[in-house]
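The chain contents come next:
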Protein chains: 2
Amino acid sequence: MSGQSIFTAYLLAAVSLPASGQNQSLLQRLGYPADAKLLIIHADDLAVAHSQDMASFEALNRGAVSSASVMVPCPWLTEVADYAKAHPEADLGLHLTLTSEWKTYKWGPTAPRDQVASLLDPHGYLFSEAGEAVQHIKPEEAEREVRTQVETALKMGIRPTHLDSHMGVLFTKPAMMAVLVNVAHDYHLPFLVLKIPGMPADMYSALSPTDVILDRVFMAAPPIKPEDWLSYYTHILKTLPPGLSELIVHLAYDDDEMKAVTLDHPDYGSAWRQRDFNVVTSPEFRKALEENNITLVTWRELGKPLPKP
Amino acid sequence: MSGQSIFTAYLLAAVSLPASGQNQSLLQRLGYPADAKLLIIHADDLAVAHSQDMASFEALNRGAVSSASVMVPCPWLTEVADYAKAHPEADLGLHLTLTSEWKTYKWGPTAPRDQVASLLDPHGYLFSEAGEAVQHIKPEEAEREVRTQVETALKMGIRPTHLDSHMGVLFTKPAMMAVLVNVAHDYHLPFLVLKIPGMPADMYSALSPTDVILDRVFMAAPPIKPEDWLSYYTHILKTLPPGLSELIVHLAYDDDEMKAVTLDHPDYGSAWRQRDFNVVTSPEFRKALEENNITLVTWRELGKPLPKP
């Protein structure tokens, strides 16, 4: 099972999840009516490629997405840090990274390789596949790597507003989920989490009562045809229930760099990311947001009611 | 003093160096007459960027360059390894890398960070400047990193034909030169070295009598104007003395990726690398090679007479 399909399965499971009820009190704490439709439109994978950064910055600057998250081990991190310093209002979280999924373009860990040996493939890169990663990774080494990523981002001048998990690796089992939750608690950050029925009983045991739990997450998946891209997204907006939802998109330009980064992988590839960019910046998408009374929110706003040190 | 200017000074010093005489016996060992003009046309910096790789592969495939070297810590290494496996005849060495010189696009070491701490800037990347790097780097940690780079390349399927040094960091002082020489000896590889008058007495003390020593190296430097690019290079060819010379070029396309990689650094920047590509693939350059009876050689050929295990 590929990493993307683990994540997709996780998300598809989530789509049908009824609102937990807990969020009505969150909506109230945030000052919204109980029937408000709050949506984070979230760009993943910043720092992977220049093309990814440029498209994501453009979408953030235009308000086409409300939030984004950054992959610390990737080579373009300094470009993102420059953007973060120039745009302190931008809602940037960390897309905690335990995989390096592309074929000819790879990255290693942020922590010293010998301290996170279980995270590495035979060439010293992070594993390509989420499934492979989960099989090999020792949770204590995942935690070491994740903490190094947070500390590195802070040193670079990125003050994250939230945490989530690249390819969902930290969502796959209780010990990994606990890494995400514990690190987020230590830094007083909200994080992407859904309560999915049928998960192991201890999957959510690290959560605290004040944690922000999303009602649902949407993300385009491979069966969607390119010509249906806009209608897939506008359908989500037209049928969005009240509560707190996140729409994850992957933004980049379909240029030579991005074609090479995503070589031989049309799913979540270069043209895919250009389609996502085209949709979220389109007048039709904007109109659907307005007509359906959807309120865009940021993770910064969601994190405000959290206990502070 | 910037890294590039250390290296340029080194090379400019080299340009006026008389042939050492030693190479007459090398020429003979290789089966060439004593007045042969042997030239390696060498593309630096493979694996830094997709654009760099594509332009360099194109030049290698067309015979416009005879050799190239690869930067192991850089993210596109797997792309180069795929090329190396598909083109076992390609003359690929390792451009041993102890610096990460660009502004918004960075890489760290190949060895575990905690084992090469003296190589790292405060964010865990290799230093930007060669001067800064040389000041901080402990030679034993440079050696650890260099050996890890060689072993990583081998594991990835790249069988290097030679070694040289990115931004000349290993050419700057005797203890660093000894790292290059000792590692090259251990792997029975030829390496880029010139004997430059006025260097410290022990600069070359690790060399053995059978090592291949170049007579001269040429590399474009910032004072050259873009409109003089072709004439700079053809002048080198027209006035090339007999012996063994290397012409170092930096090949990439002047595209969005490469513009972003080389941000704010026109020297050795994106347009510079496109100019280098345009020159070495031009009919005028090809004609000047032929008219001046220059024989292109590879490092593989130079390494053949070396003692083998």
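Quick look at the structure, then. (Residues numbered from 1 in each chain as written. Chains lettered and ligands numbered in written order. Predicted model: local features only at pLDDT ≥ 70, side-chain atom pairs only at ≥ 80, totals over all residues. Heavy atoms only, no water.)

### Points about the nonpolar core
Core analysis: the biggest nonpolar cluster contains 223 residues, and Leu92(A), Leu163(A), Leu92(B) and Leu163(B) have the highest contact counts within it. Setting aside chain neighbours within four positions, we find Leu92(A) in contact with Leu46(A), Leu60(A), Ala68(A), Val70(A), Val80(A), Tyr83(A), Ala84(A), Arg159(A), Pro160(A), Thr161(A) and His162(A). (Core = buried A, V, L, I, M, F, W, Y, C linked by side-chain atoms within 4.5 Å. Buried < 20%, exposed > 50% of the residue type's maximum accessible area, 1.4 Å probe, protein only. Contact = heavy atoms within 4.5 Å.)

### Details of the relation of the copies chain B and chain A
Superposing chain B onto chain A takes a rotation of 180 degrees plus a shift of 0.0 Å along the axis, which leaves an RMSD of 0.0 Å. Between the two chains, the operation in question is that of a two-fold axis. Relative to the rotation axis, the C-alpha of Pro112(B) is the closest in chain B, positioned 2.2 Å from it. The fraction of interface residues of chain B whose copies in chain A are also interface residues reaches 100%, indicating that both copies meet through the same surface. (Least-squares fit on C-alpha atoms with pLDDT ≥ 70 in both.)

### Looking at the side chain of Thr262(A)
Residues and elements named next belong to chain A. Mapped onto the elements of the fold, Thr 262 is located in the loop between helix H9 (256-261) and helix H10 (270-280). We classify Thr 262 as buried; its relative accessible area is 5%. Aside from chain neighbours lying at most four places away, what touches Thr 262 is Trp 102, Tyr 268, Gly 269 and Ser 270. (Helix = DSSP H or I, 4+ residues; strand = E, 2+ residues; numbered from the N terminus.)

### Quick notes on the pairing of strand S5 (residues 216-219) of chain A
Residues and elements named next belong to chain A. Residues Arg 216 and Phe 218 point to one face of S5 and Val 217 and Met 219 to the other, with burial holding for every one of them. Alignment of S5 against strand S6 (residues 243-249), held across four bridges, turns out to be parallel. Each residue of the ladder has a partner; that of Val 217, found in S6, is Glu 246. (Pairing = 2+ DSSP bridges.)

### What to know about the pattern of salt bridges
All names here are of chain B. One pass over the structure, following the stated rule, counts 12 salt bridges over all chains. Of the charged contacts, one joins Arg 273 and Asp 45 as a salt bridge, the two residues approaching to 3.0 Å between their closest N and O atoms. A residue pair is termed long-range when its members are at least 10 positions apart, and Arg 273 in helix H10 (residues 270-280) and Asp 45 in strand S1 (residues 37-46) qualify at 228 residues. Assessed through its relative accessible area of 1%, Arg 273 is described here as buried. Arg 147 serves as the salt-bridge partner of Asp 186, at 2.7 Å between the closest nitrogen and oxygen. (Salt bridge = Lys/Arg side-chain N within 4 Å of Asp/Glu carboxyl O.)

### Some remarks on helix H11 (residues 283-291) of chain B
Residues and elements named next belong to chain B. Every buried residue of H11 is accounted for by Phe 285, Ala 288 and Leu 289. Seen from one end, H11 has its buried residues packed into an arc of 100 degrees, which puts them on one side. Across H11 from its buried face, at more than 90 degrees, point the exposed residues Pro 283, Glu 290 and Glu 291. The inward-facing, buried residues of H11 abut S1, helix H8 (229-238), strand S6 (243-249), H10 and strand S7 (294-296). (Arc of directions from axis to C-beta.)

### Quick word on the layout of surface pockets
Roughly 520 Å³ of volume is contained in the largest pocket. Lining the largest pocket are 36 residues, with Gly108(A), Arg113(A), Gly124(A), Pro109(B) and Thr110(B) positioned closest to its centre. (1 Å grid on protein atoms, 1.4 Å probe; cavity = no way out; pocket = protein on both sides within 12 Å on 5 of 7 lines; lining within 4 Å. Points joined across faces, edges and corners; volume = space filled by probe spheres on them.)

### Considerations on the environment of Ser231(A)
Mapped onto the secondary structure, Ser231(A) falls in helix H8 (residues 229-238). Looking at Ser231(A), its side chain comes within polar contact range of the main-chain oxygen of Asp228(A), at 3.0 Å. (Polar contact = N/O pair within 3.5 Å; in protein donor to acceptor, adjacent residues only side chain to side chain.)

### Some remarks on the packing of aromatic side chains
Residue and element names in this part refer to chain A. Going through the model one piece at a time under the given rule, you end up with 16 aromatic pairs over all chains. Both rings, one in Trp 229 and one in Trp 272, keep their centres 4.7 Å apart while their planes meet at 80 degrees; by these two values the pair is edge-to-face. Linking Trp 229 in helix H8 with Trp 272 in helix H10, this pair joins segments that are 43 residues apart in sequence. The same class applies to Trp 229 and to Trp 272, which are both buried. Plain terms: the ring middles of Tyr 253 and Phe 277 are 5.2 Å apart, the flat faces sit at 70 degrees to each other, and that makes the pair edge-to-face. (Phe/Tyr/Trp six-rings, centres within 6.5 Å; stacked < 30°, edge-to-face > 60°.)

### With respect to the interface of chain B and chain A
Chain B puts 28 residues into the contact, and the matching count from chain A is 28 residues. Carbon and sulfur atoms supply 56% of the area buried between chain B and chain A, which totals about 2,400 Å² over both sides. Among the residues chain B hides against chain A, the three largest losses belong to Trp76(B), Thr104(B) and His123(B). Together they make up 21% of the total. Along the contact surface separating chain B from chain A lie zero salt bridges. For the side of chain B that touches chain A, the secondary structure elements donating two or more residues are helix H4 (77-86), helix H6 (139-155) and helix H9 (256-261) of chain B. Each residue belonging to the side of chain B that touches chain A can be placed in one class, and the counts come to 12 nonpolar, seven polar and nine charged. (Buried area = accessible area lost by both parts, 1.4 Å probe. Nonpolar A, V, L, I, M, F, W, Y, C, P; charged D, E, K, R; others polar.)

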